[in-house]
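Each chain is listed here by its residues.
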Amino acid sequence: QVQLVESGGGLVQAGGSLSLSCAASGRTFSSYVMGWFRQAPGKEREFVAAISSNGGNTNYADSVKGRFTISRDNAKNTVYLQMNSLKPEDSAVYYCAAAAIVGVSNTAVVRTPRTYDQWGQGTQVTVSS
């Protein structure tokens, strides 16, 4: 198991950028697929991006493709989400999550919250118009 702690959220104007980090404890971080999800008030938790265990493959929601970049540093047990060209509709609590699955090519699996075993506590991102 891994314990996950997100950081880097905040308030930013539309068109701006934020970088989120998720630090993991535990020696098995490099074996997990890592994902980012978000949840706005009154809405279901929504997939944002995922990255394979070695960082070689990624999967993005259509709504963030071309604007957000997920990356990881297994030496630092950390996964990142670089968010550019932010829009008010990106406002949400952002969660990182770990899944004991192989690869990120199965979209139906990697984009489903119940696939993920471990979750962080979330960090708030607010984008003002």
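Analysis parameters
- Residues numbered from 1 in each chain as written.
- Predicted model: local features only at pLDDT ≥ 70, side-chain atom pairs only at ≥ 80, totals over all residues.
- Heavy atoms only, no water.
- Helix = DSSP H or I, 4+ residues; strand = E, 2+ residues; numbered from the N terminus.
- Pairing = 2+ DSSP bridges.
- Axes fitted to C-alpha atoms, helices over the stretch in contact; angles between N-to-C directions.
- Buried < 20%, exposed > 50% of the residue type's maximum accessible area, 1.4 Å probe, protein only.
- Polar contact = N/O pair within 3.5 Å; in protein donor to acceptor, adjacent residues only side chain to side chain.
- Contact = heavy atoms within 4.5 Å.
- Salt bridge = Lys/Arg side-chain N within 4 Å of Asp/Glu carboxyl O.

**Q** Looking at this model, I keep getting lost on unusual backbone geometry. Mind explaining?
**A** For residues that are not glycine, phi is negative in most cases, and the peptide bond is trans in most cases. If you check the backbone angles, asparagine 77 has positive phi at about 55 degrees while not being a glycine. Checked against the element boundaries, asparagine 77 lands in the loop between β7 (68–73) and β8 (78–83). Of note, the phi angle at serine 85 is positive, near 50 degrees, even though the residue is not glycine. Looking at the element boundaries, serine 85 is found in the loop between β8 and β9 (92–99).

**Q** Hey, could you run me through the sheet that holds β7 in this one?
**A** Sheets are built from strands that pair by backbone hydrogen bonding, the pairs being arranged parallel or antiparallel. Taking strand neighbours across the sheet as the criterion, the four strands line up as β1-β3-β8-β7 in an open arrangement whose pairing is antiparallel. Edge strands, defined here as strands with exactly one partner in the open sheet, are β1 (3–7) and β7. On average, each strand axis in the sheet is tilted by 15 degrees relative to the strand beside it, whichever way the strands run. As defined by bridge partners, β7 adjoins β8 across six bridges and the pair is classed as antiparallel.

**Q** Sorry, what's going on with the side chain of arginine 67 here?
**A** Its location among the elements puts arginine 67 in the loop between β6 (58–60) and β7. The exposure class assigned to arginine 67 is buried, which follows from its relative accessible area of 10%. For arginine 67, the side chain forms a polar contact with the main-chain oxygen of serine 63, separated by 2.9 Å. Side-chain polar atoms of arginine 67 contact the side chain of aspartate 90, separated by 2.7 Å. If near-sequence neighbours (up to four positions away) are discounted, arginine 67 is found in contact with Gln82, Met83, Asn84, Ser85, Leu86, Lys87 and Asp90.

**Q** Is there a simple way to explain the pattern of salt bridges in this structure?
**A** A side chain of one charge can pair with a side chain of the opposite charge if their charged atoms are brought near each other. Evaluation of the coordinates by the stated rule reveals four salt bridges. A salt bridge links aspartate 90 to arginine 38, with the nearest nitrogen and oxygen atoms 2.9 Å apart. In this pair, aspartate 90 is assigned in the loop between β8 and β9 and arginine 38 in strand β4 (residues 33–39), connecting sequence segments 52 residues apart. One salt bridge connects aspartate 90 with arginine 67, and the closest N-O pair in it is separated by 2.7 Å. Linking aspartate 90 in the loop between β8 and β9 with arginine 67 in the loop between β6 and β7, this pair joins segments that are 23 residues apart in sequence. Accessibility classification places aspartate 90 together with arginine 67 in one group, the buried group.

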